[in-house]
Amino acid sequence: NAGVTQTPKFRILKIGQSMTLQCTQDMNHNYMYWYRQDPGMGLKLIYYSVGAGITDKGEVPNGYNVSRSTTEDFPLRLELAAPSQTSVYFCASSYGGPPNEKLFFGSGTQLSVL
Amino acid sequence: RKEVEQDPGPFNVPEGATVAFNCTYSNSASQSFFWYRQDCRKEPKLLMSVYSSGNEDGRFTAQLNRASQYISLLIRDSKLSDSATYLCVVTVPPSNTGKLIFGQGTTLQVKP
């Protein structure tokens, strides 16, 4: 079982460049999430989606965009990358809301903006 | 006040010790609570859910105190393999969004 797959695993961007972090899950989960984790810190929610066509902002959405055209895919777009976006990004999915919120995470993307 | 707050530690304990972590949350309407474990440079993985009556899974015991708005994790007979960061996770109302907020994590280092 593939679970949640994120690509790429590592990326270096120059300031002002744009990129898309890919996330796909094969568990038919309705809910998907993007988190970022800065060194020594917990995970901060960037965006989340409760189903195809529905997205909403999390705690730290500025500088990011998402789309959810299918149940499987939830790409995260960075426009005009800034050094403050240097972080580890985790995509996650869950079957639904309570009591099925167990999150399944991808292995993460280490992003550096220089 | 942060939505979810943990003592970052690190907690350095010898093998065989009992150690406890606490986590406080700010939204009294939160309904679901979890402990996740994160190994260095890896993705978080669910350790256990936290139920109102308290629950146990082997050497791990989780408890919820709604009145004081905190959850706890107790680890008995610590093993070297328990060394990790433990993340407290809380749902944010409305519950049907499935939105989860993570604490900053508590680092445990178990030494021989």
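Just above sits the structure.
This structure is a prediction, so every number in the text was calculated from the model and none was measured.

Right, let's get into the overall build of chain B. Each helix and strand in chain B was counted, giving zero helices and eleven strands. Counted from the first residue to the last, chain B has its helices and strands arranged as β-β-β-β-β-β-β-β-β-β-β. Taken against the 2.2 N^0.38 rule, which gives 13 Å for 112 residues, the C-alpha radius of gyration of chain B at 14 Å falls within 12% of a compact globule. Dimensions of chain B along its principal axes, counting C-alpha atoms only, are 45 × 30 × 25 Å. Counting all 112 residues of chain B, 46% fall into the buried class. Partitioning the contacts of chain B with sequence separation of at least 6, the portion at a separation of at least 24 is 57%. In chain B, the 12 positive side-chain charges and the 10 negative ones have mean positions that sit 4 Å from each other.

Under the definition given, this model contains two disulfides over all chains. Bridging Cys23 of chain A to Cys91 of chain A, the disulfide has an S-S length of 1.8 Å. Of note, the bridge from Cys23 of chain A to Cys91 of chain A carries an S-S torsion of about -70 degrees and is left-handed in sense. Remark: Cys91 of chain A occurs in strand S9 (residues 87-94) and Cys23 of chain A occurs in strand S3 (residues 19-25); sequence separation between them is 68 residues. Under the relative-accessibility criterion, Cys23 of chain A is labelled buried at 2%. Put simply, Cys23 of chain B and Cys88 of chain B are joined by a disulfide, and their sulfur atoms are 1.9 Å apart. Here Cys23 of chain B and Cys88 of chain B share a disulfide; its torsion about the S-S bond, -70 degrees, makes the bridge left-handed. Of this pair, Cys23 of chain B sits in strand S3 (residues 19-25) while Cys88 of chain B sits in strand S9 (residues 84-91), placing them 65 residues apart in sequence. We classify Cys23 of chain B as buried; its relative accessible area is 0%. Cys88 of chain B sits in the buried class, given a relative accessible area of 0%.

Opposite the 21 residues of chain A that make contact, chain B presents 21 residues. Seen at the junction of chain A and chain B, the total is zero salt bridges. Seen at the junction of chain A and chain B, the total is four residue pairs in polar contact (both at pLDDT 80 or more). Taken together, the elements giving at least two residues each to the side of chain A that touches chain B come down to strand S4 (31-37) and strand S5 (43-51) of chain A. Split by residue class, the side of chain A that touches chain B holds twelve nonpolar, five polar and four charged.

Turning our eyes to something else, we now look at the sheet that holds strand S1 (residues 4-7) of chain A. Residues and elements named next belong to chain A. The strand order across the open sheet built from four strands is S1-S3-S8-S7, with neighbouring strands paired in antiparallel fashion. Bordering the open sheet on either side are S1 and strand S7 (64-66), each of which pairs with just one other strand. Pairwise comparison of adjacent strand axes, ignoring direction, gives a mean angle of 20 degrees for this sheet. As paired elements, S1 and S3 share four bridges and run antiparallel to each other. Bridge pairing in S3 links Thr5 to Thr24.

Let us look at the sheet that holds S3 of chain B. Residues and elements named next belong to chain B. Spatially, five strands are ordered S1-S3-S8-S7-S6 in an open sheet, and the strand pairing comes out antiparallel. Across the chains shown, the open sheet's two edge strands, defined by having one partner strand only, are strand S1 (4-6) and strand S6 (55-57). Across the sheet, the axes of successive neighbouring strands diverge by a mean angle of 20 degrees, strand direction being ignored. Taken together, the three bridges between S1 and S3 define a ladder with antiparallel strand orientation. Note on S3: the bridge partner recorded for Gln6 is Cys23.

Thresholds applied
Residues numbered from 1 in each chain as written. Chains lettered and ligands numbered in written order. Predicted model: local features only at pLDDT ≥ 70, side-chain atom pairs only at ≥ 80, totals over all residues. Heavy atoms only, no water. Helix = DSSP H or I, 4+ residues; strand = E, 2+ residues; numbered from the N terminus. Rg over C-alpha atoms; globule rule 2.2 N^0.38 Å. Buried < 20%, exposed > 50% of the residue type's maximum accessible area, 1.4 Å probe, protein only. Contact = heavy atoms within 4.5 Å. Lys, Arg positive; Asp, Glu negative; His and termini not counted. Charge placed at Lys NZ, Arg CZ, Asp CG, Glu CD. Disulfide = S-S within 2.5 Å. Salt bridge = Lys/Arg side-chain N within 4 Å of Asp/Glu carboxyl O. Polar contact = N/O pair within 3.5 Å; in protein donor to acceptor, adjacent residues only side chain to side chain. Nonpolar A, V, L, I, M, F, W, Y, C, P; charged D, E, K, R; others polar. Pairing = 2+ DSSP bridges. Axes fitted to C-alpha atoms, helices over the stretch in contact; angles between N-to-C directions.

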